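A look at the structure
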Amino acid sequence: MSWTRAFVFSLLSILLLIAFSSVVKSSVVRDDSKPADARGARRQVFMAESDASNFFKRRSRRSPKYYAELQAEQRMKRAASERHREYNEEQRNEYENYVEEDRDEINERTREMNEQLREYHYDGLYPRFHWFH
């Protein structure tokens, strides 16, 4: 138990030495590229009121959309619907292929089973070609 106390005490002392040493001045990254005056910094951060009001909204809510904007939206909608149509067509084709293979397999199994039943029940009296009409 004493060695754990000594270990914890040594870790705490190292932490305090590092925290209060002259090597570690602060956790803030030093920035040497400070502007010459506060006005320059303010000009970099803030913009004119007219530019700020038009920054996010180029037009008001009730104003009509520009023709180029409408065309771009229509192109995006057409492209999305085309992708959706192609995806649905591909899924439909895959499903149709699966169903066709499944039906062929079922038909083959039933045909083989019918042939086996006919061979099993054949007593030699009837001509066999009557069964395959």
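Throughout, a residue's number is its position along its own chain's written sequence, starting from 1. Restriction of local features to residues with pLDDT of at least 70 applies here, the model being predicted, together with a cutoff of 80 or more for giving and counting side-chain atom pairs; totals for whole chains, interfaces and linings are based on all residues. Excluding hydrogens and water, the side-chain values take into account all heavy atoms of the structure.

**Describing the overall build of the protein**
Filter applied, for reference: The way it works is that DSSP assigns letters per residue, a run of H or I at least four long becomes a helix, a run of E at least two long becomes a strand, and they are numbered from the N terminus. Classification of residues uses two cut-offs on accessible area relative to the type maximum, computed with a 1.4 Å probe and protein chains only: under 20% is buried, over 50% is exposed, and between them is partly exposed. In this description, accessible areas are obtained by the Shrake-Rupley approach with a 1.4 Å probe, and a residue is regarded as covered only by the protein chains that are shown.
Scanning the protein for helices and strands turns up four helices and zero strands. Shown N-terminal to C-terminal, the secondary structure of the protein runs as helices and strands in the order α-α-α-α. When the 133 residues of the protein are sorted by exposure, 2% land in the buried category. When the accessible surface of the protein is summed, it comes to about 13,600 Å², and 57% of that surface belongs to carbon and sulfur atoms.

**Overview of the confidence of the model for the protein**
Condition: Values of pLDDT, the confidence the predictor places in each residue, fall between 0 and 100.
Residue-level pLDDT values for the protein average 78, and 65% of them are 70 or greater. At the low end of the mean pLDDT range in the protein sits helix H2 (residues 38-45), at 62; at the high end sits helix H4 (residues 67-121), at 93.

**Comments concerning a nonpolar patch on the surface**
The line we're drawing: Each patch is built from salt-bridge-free residues with over 30% relative accessible area, joining like charges within 9 Å and nonpolar side chains (Val, Leu, Ile, Met, Phe, Trp, Tyr) within 5 Å. We count a salt bridge whenever a side-chain nitrogen from Lys or Arg sits within 4 Å of a carboxyl oxygen from Asp or Glu.
Residues Trp 3, Phe 7, Val 8, Leu 11, Leu 12 and Leu 15 make up a contiguous nonpolar surface patch of roughly 670 Å² in combined accessible area. Mapped onto the secondary structure, Phe 7 falls in helix H1 (residues 2-20).

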